Amino acid sequence: MKRKSAMVVGNVLMGLGLLTMVGGVGYSILNQIPNLGLPQFFAHGAIMSIFIGALLWLAGARVGGRERVADRYYWVRHYDSRCRKNEHHP
């Protein structure tokens, strides 16, 4: 797969994962309002859709090339041996 098409597929999967997670959270919240009369059966599916959305998000990040952790994060910069510039840093 070419780099540009991989980025597009990754972005689409990440967007789909985000929509799935937001939809699952939204339905879970709306299900708590008794006046709406939403079926309780779909509430379990809404919780599951949050995890499915997270998996889609991670798959999109992997395909799109965004799975790397940037070295600008404090923990990685200070405590990961691969990101240290000198050996004297704790």
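Reading guide: rules and limits
Residues numbered from 1 in each chain as written. Predicted model: local features only at pLDDT ≥ 70, side-chain atom pairs only at ≥ 80, totals over all residues. Heavy atoms only, no water. Helix = DSSP H or I, 4+ residues; strand = E, 2+ residues; numbered from the N terminus. Buried < 20%, exposed > 50% of the residue type's maximum accessible area, 1.4 Å probe, protein only. Contact = heavy atoms within 4.5 Å. pLDDT = per-residue confidence, 0-100. Patch = residues over 30% accessible without salt bridge, like charges linked within 9 Å, V, L, I, M, F, W, Y side chains within 5 Å. Areas by Shrake-Rupley, 256 points an atom, 1.4 Å probe, with all protein chains shown as cover. Salt bridge = Lys/Arg side-chain N within 4 Å of Asp/Glu carboxyl O. Axes fitted to C-alpha atoms, helices over the stretch in contact; angles between N-to-C directions. Parallel < 35°, antiparallel > 145°, perpendicular 65-115°, else oblique. Left-handed = near helix turned anticlockwise from the far one by under 90°. Nonpolar A, V, L, I, M, F, W, Y, C, P; charged D, E, K, R; others polar. Expected span 1.5 Å × (residues − 1).

1. Re the overall build of the protein
Link 1 in the chain: Looking only at helices and strands, the protein features three helices and zero strands.
Link 2 in the chain: If you list the helices and strands of the protein from N to C, you get α-α-α.
Link 3 in the chain: Put simply, the protein has 90 residues, and 19% of those count as buried.
Link 4 in the chain: If you take every contact in the protein between residues at least 6 apart in sequence, the share linking residues at least 24 apart comes to 56%.

2. So, the environment of Trp57
Link 1 in the chain: Relative to the assigned elements, Trp57 resides in helix α2 (residues 41-64).
Link 2 in the chain: On a C-alpha basis, the gap between Trp57 and Leu13 in space is 6.1 Å, while along the polypeptide they are 44 residues apart.
Link 3 in the chain: When near neighbours in sequence (up to four residues on either side) are disregarded, Trp57 contacts Leu13, Met14, Gly17, Leu18 and Met21.

3. Overview of the confidence of the model for the protein
Link 1 in the chain: Mean pLDDT over the protein works out to 80, with 72% of the residues at or above the 70 mark.
Link 2 in the chain: Here helix α3 (residues 74-79) is the element of the protein with the lowest mean pLDDT, 64, and helix α1 (residues 3-30) is the one with the highest, 90.

4. A few points about the environment of Gly24
Link 1 in the chain: Checked against the element boundaries, Gly24 lands in helix α1.
Link 2 in the chain: On the basis of relative accessibility, which here comes to 3%, the residue Gly24 falls in the buried class.
Link 3 in the chain: Separated by 26 residues in the primary sequence, Gly24 and Ile50 place their C-alpha atoms 5.5 Å from one another.

5. Digging into a nonpolar patch on the surface
Link 1 in the chain: On the surface, a cluster of nonpolar side chains totalling about 500 Å² of accessible area is made up of Leu18, Val22, Leu55, Trp57 and Leu58.
Link 2 in the chain: Looking at the nonpolar patch, the element that brings in the most residues is α2, giving three residues.
Link 3 in the chain: Tracing the chain through its elements places Leu55 in helix α2.
Link 4 in the chain: By relative accessible area, Leu55 is classed as exposed at 59%.

6. Here we look at the packing of α1 against α2
Link 1 in the chain: It is the contact of α1 with α2, at a shortest axis distance of 7 Å, that shows an interaxial angle of 160 degrees. Taken together, the axis directions place α1 and α2 in an arrangement best described as roughly antiparallel. Seen along the crossing, α1 lies across α2 with a hand that is left-handed.
Link 2 in the chain: Residues that form the contact of α1 with α2 fall into these classes: 21 nonpolar, nine polar and no charged.

7. Looking at α1
Link 1 in the chain: Helix length check: α1 (28 residues) gives 40 Å between terminal C-alpha atoms against 40 Å at 1.5 Å per residue, within 8%.
Link 2 in the chain: Among all positions in α1, only Ala6, Gly10, Met14, Gly17, Gly24 and Ser28 are buried.

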